[in-house]
Amino acid sequence: MRVIAGTARSLPLKAPQGLEVRPTADKIKETLFNMLHWDLPGSTFIDLFSGSGGIGIEALSRGAKKAYFVDNAPKAVSCIQQNLCFTKMEDRAVVLKQDACSALDHIRMLCREEKADFIFMDPPYHQEHEKDVLLLLGHMPYVTPETTVIVEAALKTDFSYVEELGFQLVKEKRYKTNKHLFFKKRIAL
């Protein structure tokens, strides 16, 4: 696992040992970031269920101005901090050792972000964490119609409920065993 492009290009990243972590494969990460490439410079990026922090670090390497890393596993948080130190990106990162829903509220209350440009989540498959997070995101002031919410999920994961939560699917990219879904907040009429 490595940083694909940008200022930290080709630097290897550590992954937490002994956890149920599925680091996003380099090829899938490259495909994802090729889709986001033009909108990353100067953006605020939130990486939920961060694991190693590889997705948020890739965003920083490609020009995001700030990234939040959220994971509640101590080994994952330690790994994220080591990877940020190794890539020299600690000054643009905020690491939160919390569950995703608590961290989103923390970002709203303490960090006072005006707008998040990208929110990425790769929760454990088949546990419906996506639904809980999307429900909460629908009420966060920093999630605007311009915010892109990206979910990495198993191929068969159902997202038919997203419109009820105030989001619309704008793009879906399928791979062999998983998919990336891109959501935007619906504009109230």
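Anything mentioned here points back to the structure above.
Scope of this entry: the structure provided in the associated data block.

Parameters and conventions
- Every chain is numbered on its own, with residues counted from 1 as its sequence reads.
- Reporting in this predicted model follows two pLDDT cut-offs: at least 70 for local features of residues, and 80 or more for side-chain atom pairs to be given and counted; totals over whole chains, interfaces and linings ignore these cut-offs and use all residues.
- To obtain the side-chain values, all non-hydrogen atoms of the structure were used and water was disregarded.
- We count a salt bridge whenever a side-chain nitrogen from Lys or Arg sits within 4 Å of a carboxyl oxygen from Asp or Glu.
- Note on conventions: DSSP H or I runs of at least 4 residues are helices, E runs of at least 2 residues are strands, and numbering of each starts at the N terminus.
- Geometry of aromatic contacts follows a simple scheme: Phe, Tyr and Trp rings, the Trp one being its six-membered ring, pair when their centres are within 6.5 Å, and the pair is stacked under 30 degrees between planes, edge-to-face over 60, tilted otherwise.
- The buried label goes to any residue with under 20% of its type's maximum accessible area, the exposed label to any with over 50%, and the partly exposed label to all in between, with areas taken from a 1.4 Å probe on protein chains only.
- Working rule: Lys NZ or Arg CZ, within 6 Å of ring centre, within 35 degrees of ring normal, means a charge sits over the ring.
- Two strands are counted as paired when DSSP detects at least two bridges linking them.
- Seen with its strands pointing away from the viewer, a crossover is right-handed when the path leading from the first strand over the helix to the second is clockwise.
- To obtain an axis, a line is fitted to C-alpha atoms, over the contacting stretch when the element is a helix, and the angle between two such axes runs from 0 to 180 degrees between their N-to-C directions.
- Note that the term roughly parallel is reserved for angles under 35 degrees, roughly antiparallel for angles over 145, roughly perpendicular for angles of 65 to 115, and oblique for everything else.
- In a left-handed crossing the near helix is turned counterclockwise from the far helix by less than a right angle, and in a right-handed crossing that turn is clockwise.
- The contact criterion used throughout is that any non-hydrogen atoms of two residues lie within 4.5 Å.

## Regarding the pattern of salt bridges
Evaluation of the coordinates by the stated rule reveals 5 salt bridges. The partner of arginine 108 in a salt bridge is aspartate 105, with the nearest N and O atoms 2.6 Å apart. Placement of both arginine 108 and aspartate 105 in helix α4 (residues 100-111) is noted, with a separation of 3 residues, approximately one turn of the helix. For arginine 174, the salt bridge goes to glutamate 172, with nearest N and O atoms at 2.7 Å.

## Re the packing of aromatic side chains
Applying the stated criterion to the full structure yields 4 aromatic pairs. When the centroid spacing of 6.0 Å and the interplanar angle of 35° are considered together, the rings of phenylalanine 159 and tyrosine 161 count as tilted. Pairing phenylalanine 159 with phenylalanine 183 gives two aromatic rings, centres 5.7 Å apart and planes at 45°, and the pair type is tilted. Within this pair, whereas phenylalanine 159 is found in the loop between β5 (148-154) and β6 (167-174), its partner phenylalanine 183 is found in strand β7 (residues 178-185), the two being separated by 24 residues in sequence. A single burial state applies to phenylalanine 159 and to phenylalanine 183, both of which are buried. An aromatic cluster is built from Phe33, Phe45 and Phe118, whose rings are joined through pairwise contacts. Over the aromatic face of phenylalanine 182 sits the side chain of lysine 171, whose NZ or CZ is 5.4 Å from the ring centroid.

## Digging into the pairing of strand β3 (residues 93-97)
Pairing analysis gives 5 bridges linking strand β2 (residues 66-71) to β3, with the strands arranged parallel. Following the sheet pairing, phenylalanine 69 is matched in β3 by valine 95. After leaving β2, the chain enters helix α3 (residues 74-87) and then returns to the sheet as β3, a path that is right-handed.

## Overview of the packing of helix α1 (residues 26-36) against helix α2 (residues 54-61)
Where α1 contacts α2, the axes come no closer than 11 Å and their chain directions differ by 45°. Between α1 and α2, the angle falls in the class oblique. As α1 packs across α2, the resulting crossing turns out to be right-handed. Contacts between α1 and α2 pair Lys29, Leu32 and Phe33 from the former with Gly54, Ile55, Glu58 and Ala59 from the latter.

## Details of α2
Burial of α2 is extensive: 8 of the 8 residues sit out of reach of the surface. Taken together, the buried positions of α2 are Gly54, Ile55, Gly56, Ile57, Glu58, Ala59, Leu60 and Ser61. At its buried positions, α2 is contacted by α1, β1 (44-48), β2, α3, β3 and β4 (118-121). Backbone geometry just downstream of α2 places glycine 63 in the positive-phi region, at approximately 115°.

## Comments concerning the pairing of β1
Burial within β1 is extensive, with 5 of its 5 residues counted as buried. Every second residue of β1 is oriented toward a common face, with Thr44, Ile46 and Leu48 on one face and Phe45 and Asp47 on the other, all of them buried. Of the pairings in the sheet, the one linking β1 to β2 comprises 5 bridges and is parallel in character. Looking at β2, one finds that leucine 48 is bridged to valine 70. When β1 meets β4, the two strands line up parallel, connected through 4 bridges. Bridged to phenylalanine 45 within β4 is phenylalanine 118.

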